[in-house]
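Residue strings, one per chain:
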Amino acid sequence: MESLPEAVLIRILASIPAADLVLVCRLVCCQWKNLVDGAALWILKCQQEGLTGEESQENAENWQNFYFLSKRKRNLIKNPCGEEDLQYWGEVENGGDGWKIEELPGDFGKEFPSEDVHKYFVTSYEWCRKSQVIDLRAEGYWEELMDTTQPKVVVKDWYAGRSDAGCLYELCVKLLSENEDVLAEYKSETIAIPQDNDADWTEFQGQL
């Protein structure tokens, strides 16, 4: 293996699972450690798995981190559409008649833009709140990555009002430390949907 050109060795290493590269291969010798810690190997793995694009140019400073973050880019919210009733949601506040889960389009509503969504959470005539705690470490984001790279936390949600009733919508997201200290917080404005609205679904997006 020592006689192989570096470009050939990089191609061989690129066929190995990423976790094995970091946990095993980089411990073999100094040459392998330098290759695993370098950019060329991870650029190739990103290209092989279709992870390169416009966004990758902003994260090119550390291609290894970019690779792992791209592989973990997914919705971390459990039960986001009420398919499992209120499971995984805590601190539930039931104002009025409380939370309900209905089949789309529901009463005086419209179908959701995605055909994969069949249910949705319904609030009542007084404030209804719910929250969910996500353990980033349990989801595969190791401490060094969170402390040094500090990946972006993108928050998305969809909301809509009944066509025959007005309503208010708010969203608050907090990034907590291991001791539950607030490290960052994003809070939307209170969005007012008037009565006799068109009941269209609107996507909301924020970032920590």
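Cut-off values and rules
- Residues numbered from 1 in each chain as written.
- Predicted model: local features only at pLDDT ≥ 70, side-chain atom pairs only at ≥ 80, totals over all residues.
- Heavy atoms only, no water.
- Helix = DSSP H or I, 4+ residues; strand = E, 2+ residues; numbered from the N terminus.
- Buried < 20%, exposed > 50% of the residue type's maximum accessible area, 1.4 Å probe, protein only.
- Contact = heavy atoms within 4.5 Å.
- Areas by Shrake-Rupley, 256 points an atom, 1.4 Å probe, with all protein chains shown as cover.
- Lys, Arg positive; Asp, Glu negative; His and termini not counted.
- Charge placed at Lys NZ, Arg CZ, Asp CG, Glu CD.
- Salt bridge = Lys/Arg side-chain N within 4 Å of Asp/Glu carboxyl O.
- Pairing = 2+ DSSP bridges.
- pLDDT = per-residue confidence, 0-100.
- Axes fitted to C-alpha atoms, helices over the stretch in contact; angles between N-to-C directions.
- Parallel < 35°, antiparallel > 145°, perpendicular 65-115°, else oblique.
- Left-handed = near helix turned anticlockwise from the far one by under 90°.
- Nonpolar A, V, L, I, M, F, W, Y, C, P; charged D, E, K, R; others polar.
- Polar contact = N/O pair within 3.5 Å; in protein donor to acceptor, adjacent residues only side chain to side chain.
- UniProt positions renumbered as here; feature names shortened; annotations may be inferred.
- Core = buried A, V, L, I, M, F, W, Y, C linked by side-chain atoms within 4.5 Å.

**A closer look at the overall build of the chain**
A count of helical and extended segments in the chain gives seven helices and 10 strands. Evaluated residue by residue, the chain yields a buried proportion of 27% over its 208 residues. Counted over contacts in the chain with a minimum sequence separation of 6, partners at least 24 positions apart contribute 58%. In the structure as shown, the chain presents an accessible area of about 13,800 Å², 48% of it carried by carbon and sulfur atoms. The centroid of the 20 positive side-chain charges in the chain is displaced by 4 Å from the centroid of its 39 negative side-chain charges.

**Brief notes about the side chain of Arg-72**
The topology assignment puts Arg-72 in the loop between α6 (63–71) and β1 (90–94). Although Arg-72 is buried, it makes no salt bridge; Glu-139 carries the closest opposite charge, 8.4 Å away. Those residues in contact with Arg-72 that lie beyond four places of it in its chain are Glu-139, Gly-140, Tyr-141 and Trp-142.

**Here's the deal with the pairing of strand β7 (residues 172–176)**
Two elements, β7 and strand β8 (residues 182–187), share five bridges in a ladder whose sense is antiparallel. If you follow Leu-176 over to β8, its bridge partner there is Val-182. Linking β7 back to β8 in an antiparallel pair, the connection comprises five residues, with Glu-180 at a positive phi of about 70 degrees.

**Some points on the confidence of the model for the chain**
The predicted coordinates should not be examined in detail at positions where pLDDT is low. On average, residues of the chain score 89 in pLDDT, and 94% of them are at 70 or above. Ranking the helices and strands of the chain by mean pLDDT puts strand β4 (residues 128–131) first, with 97, and helix α5 (residues 54–58) last, with 52.

**Let's talk about the packing of helix α4 (residues 39–48) against α6**
Two elements in contact, α4 and α6, have axes separated by 8 Å at closest approach and are oriented at 30 degrees. Taken together, the axes of α4 and α6 are roughly parallel relative to one another. Judged by the sense of rotation from one axis to the other, the crossing of α4 with α6 is left-handed. Facing Ala-39, Trp-42, Ile-43, Lys-45 and Cys-46 of α4, the residues of α6 in contact are Trp-63, Gln-64, Phe-66, Tyr-67 and Phe-68. Considered class by class, the residues forming the contact of α4 with α6 number eight nonpolar, one polar and one charged.

**Comments concerning the side chain of Ser-70**
With respect to the element layout, Ser-70 can be found in helix α6. A relative accessible area of 16% places Ser-70 in the buried class. Within the structure, the side chain of Ser-70 is placed 2.8 Å from the backbone oxygen of Phe-66, a separation counted as a polar contact.

**A look at the UniProt feature "domain: FBA" (unreviewed entry) in the chain**
Listed under "domain: FBA" (unreviewed entry) in the UniProt record, and renumbered for this structure, are residues 66–208. Along residues 66–208 one finds 9% helix and 32% strand; the C-alpha atoms at either end are 18 Å apart.

**Brief notes about the nonpolar core**
Leu-13, Leu-21, Cys-25, Val-36, Leu-41, Trp-42 and Tyr-67 are the most contacted members of the largest nonpolar core, which totals 18 residues. Looking at this core, the elements with two or more residues in it are α1 (6–13), α2 (18–23), α3 (30–37), α4 and α6. The residues contacting Val-36, other than those within four sequence positions of it, are Leu-21, Val-22, Cys-25, Arg-26, Leu-41, Trp-42 and Gln-64. Val-155, Tyr-159, Val-173 and Ile-193 belong to the second-largest nonpolar core, a separate cluster that totals seven residues.

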